[in-house]
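If you want the building blocks of each chain, they are given just below.
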Amino acid sequence: MTTRGWWDFAAEEFDPVQRLRDDYPTPGHLAQRLDPMTVQTPALEIIDAHLVQVRDAIGVMYERRRRFAELVRQGVDEEEAIERTTTEISPAGIDRLLISFAPQQGKSARVTRYGILWLLRQFPMLRIGLVSYDGANAAQFSYQIRADIELFNGVSDSIDLGLRLAKDQKAMGRWLLTTGGGVYAIGVGGGLTGRPLDLLILDDPLKDVQAADSVLRSAQQWEWWQTVARPRLAPWAPVEAVMTRWHEADLFGRMIAKQKEDESAGLAHYDKWTVVNIPAQADHDPGKGEVDILGREPGEFMV
């Protein structure tokens, strides 16, 4: 599809104001509705608040695409249309989010499982790329989301998410909704050719500390991010990344370092990450004016 046709499609087929559902304020509210055993910890409350801001950035993304298409139709040069669109429609929310969180605390369930369901209910045409340390793990996340959509369909007085899977598009790791949105799940390093993404979610791109200590694997992941993943992002598409940090030079570390380099170089456009670091044990130094994100005392563990 040509650039003009793609923008026309985005403008004509989706009205960012008309969302399918917006009756759960956060992914946490949806998680508790679908699974009464869900425990809403203070750390998950913080994650929810940031995911709401990603939702706001997605709204801006669609509004900008609609405005861009209008300008192009009026004969405005595409480069000028991009500049005018960005100026006219102010940014909102968070479009680059890094969440560093201890393992086994519900981060993947909140961000990847219920977070995706929550966003698809509001933006049913959202094309989501889901990436984990290998294809099997990414496909497992995708399967859980797909299973929720099939289970909570309003039949027999069940909860109705309002989402329906398209026929013949129900593969475990690659499925579509009747509204055009869906999930494409791969392992880090996998291909994304021909799949423009409206949202990219990186969930634990590193499996464990052994993988983090591998200089070669770290370099390969960084190369994949720069040459494969990032170029597949559709204009103004957000990125959510969540993982347990194992090494200063892991993918998250490289992303943060690249931001500092670009900022120092005075570049006009670069990835500006919002970093949420929630250590398992509070390690701040009040004597230096440091505070803990959860308001804990030094040495206090996470709930």
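Note that this is a predicted model, so its numbers are computed, not measured.

**Observations regarding unusual backbone geometry**
A positive phi angle, close to 65°, is found at D168, a residue other than glycine. Following the sequence through the fold, D168 ends up in strand β3 (residues 165-170). Of the residues examined, D168 reaches a relative accessible area of 75% and is grouped as exposed. The backbone phi angle of D204 is positive, close to 50°, even though this residue is not glycine. Relative to the assigned elements, D204 resides in the loop between β6 (199-203) and α7 (209-212).

**Concerning helix α3 (residues 42-73)**
Compared with the 46 Å implied by 1.5 Å per residue over 32 residues, the 48 Å span of α3 between its first and last C-alpha is a close match. For α3, the buried fraction is high: 23 of the 32 residues fall into the buried class.

**Things to note about the nonpolar core**
The biggest cluster of nonpolar side chains holds 71 residues, and the ones touching the most others in it are L117, L126, L200, L202, W224, W225 and M255. Top element by residues in this core is α3. It accounts for ten residues. For L117, the residues in contact, after removing those within four places along its chain, are L30, L34, I145, D148, I149, L161 and L163. Ranked by size, the runner-up nonpolar core spans five residues in total, among them L71, V72, V76 and A81.

**Notes on the sheet that holds strand β8 (residues 274-278)**
Read from one edge to the other, the open sheet built from eight strands follows the order β3-β4-β5-β2-β6-β7-β1-β8, with strand pairing classed as mixed. The sheet terminates laterally at β3 and β8, the two strands that pair on one side only. Taking each pair of neighbouring strands and ignoring which way they run, the sheet shows an average axis angle of 15°. Sheet analysis places strand β2 (residues 127-132) next to strand β5 (residues 182-187), joined by six bridges and oriented parallel. Directly across from S132, in β5, lies its bridge partner G187. Strand contacts of α3: β1 (96-101), β2, β6, β7 (239-243) and β8, with the helix running at about 165° to β1, the strand carrying the most contacts. Lying over the sheet, helix α6 (residues 135-151) contacts β2, β3, β4 (174-177), β5 and β6, oriented at roughly 160° with respect to β5.

**Side note on the pattern of salt bridges**
Pairing between side chains of opposite charge can happen when the charged atoms of each approach one another. Applying the stated rule across the entire model yields 15 salt bridges. Between R55 and D56 there is a salt bridge, with its nearest N and O atoms 2.9 Å apart.

**Considerations on the packing of helix α2 (residues 27-34) against helix α5 (residues 107-122)**
A pair of packed helices is characterised by two quantities: the angle between their axes and the separation of those axes. Running from amino to carboxyl end, α2 crosses α5 at an angle of 100°, the nearest separation of the two axes being 9 Å. By the angle class used here, α2 and α5 are roughly perpendicular. In this structure, α2 contributes P27, G28, L30, A31 and L34 to the contact, and α5 contributes R110, Y114, G115, L117, W118 and R121.

**Re the side chain of T38**
With respect to the secondary-structure elements, T38 resides in the loop between α2 and α3. A relative accessible area of 18% places T38 in the buried class. Engagement of the side chain of T38 in a polar contact is seen with the backbone oxygen of A31, the distance being 3.3 Å. Setting aside its immediate chain neighbours within four residues, T38 contacts A31, Q32 and R110.

**Notes on the environment of R174**
Note that R174 resides in strand β4. Under the relative-accessibility criterion, R174 is labelled partly exposed at 44%. Taking the C-alpha atoms as reference points, R174 and R146, separated by 28 residues in sequence, lie 9.5 Å from one another. Once residues lying within four places of it in the same chain are set aside, the contact partners of R174 are S142, Q169, V183 and Y184.

**Points about the pairing of β1**
Of all six residues in β1, six are buried; the element is thus mostly enclosed. Bridging between β1 and β7 involves five bridges; their strand directions are parallel. If you follow L98 over to β7, its bridge partner there is A241. With five bridges connecting them, β1 and β8 associate as parallel partners.

**Some remarks on the packing of α3 against helix α4 (residues 78-88)**
Orientation of α3 relative to α4, taken along the N-to-C sense of each, is 140°, at an axis distance of 9 Å. The angle between α3 and α4 falls in the class oblique. The two elements α3 and α4 meet at a crossing, and its hand is right-handed. Here R64, R67, F68, L71 and V72 of α3 come into contact with α4, specifically with E78, A81, I82, R84, T85, T86 and E88. Classifying every residue of the contact of α3 with α4 by side-chain character gives five nonpolar, two polar and five charged.

**Quick look at the side chain of D203**
Locating D203 in the fold gives a position in strand β6. K107 provides the closest opposite charge to the buried, unpaired D203, separated from it by 6.1 Å.

About the criteria used
- Residue numbers here run from 1 along each chain, matching the order of that chain's written sequence.
- Note on the predicted model: pLDDT of at least 70 is required for a residue's local features to be given, and 80 or more for side-chain atom pairs to be given and counted; whole-chain, interface and lining totals, by contrast, use all residues.
- Hydrogens and water are ignored here; the side-chain numbers use all heavy atoms of the structure.
- Segments assigned H or I by DSSP are reported as helices when at least four residues long, segments assigned E as strands when at least two residues long, and all are numbered from the N terminus.
- Burial status follows relative accessibility: with a 1.4 Å probe on protein chains alone, a residue under 20% of its type maximum counts as buried, one over 50% as exposed, and anything between as partly exposed.
- Multiply 1.5 Å by the residue count of a helix minus one, and that product is the helix's expected span.
- Here the nonpolar core consists of buried residues drawn from Ala, Val, Leu, Ile, Met, Phe, Trp, Tyr and Cys, with membership extended through side-chain atoms lying within 4.5 Å.
- Contact criterion: two residues are considered in contact whenever any of their non-hydrogen atoms come within 4.5 Å of each other.
- Paired strands are those between which DSSP finds at least two bridges.
- Helix axes are fitted to C-alpha atoms over the stretch in contact, other axes to C-alpha atoms as well, and angles between N-to-C directions run from 0 to 180 degrees.
- Here, a salt bridge means any side-chain nitrogen of Lys or Arg that lies within 4 Å of a carboxyl oxygen of Asp or Glu.
- Each angle is binned into one of four classes, with values under 35 degrees roughly parallel, values over 145 roughly antiparallel, values of 65 to 115 roughly perpendicular, and all other values oblique.
- Pairs of N or O atoms within 3.5 Å make up the polar contacts considered here, provided that, within protein, one atom can donate a hydrogen while the other can accept it, and that residues adjacent in sequence are counted only when both atoms are side-chain atoms.
- In this scheme, a crossing is called left-handed if the near helix is turned counterclockwise away from the far one by less than a right angle; it is called right-handed if the turn is clockwise.
- Nonpolar residues are Ala, Val, Leu, Ile, Met, Phe, Trp, Tyr, Cys and Pro. Charged residues are Asp, Glu, Lys and Arg, and all others, Gly as well, are polar.
- Positive charges come from Lys and Arg alone, negative charges from Asp and Glu alone, with His and the N- and C-terminal ends not counted.

Purely geometric stuff here, so don't read any function into it on its own.
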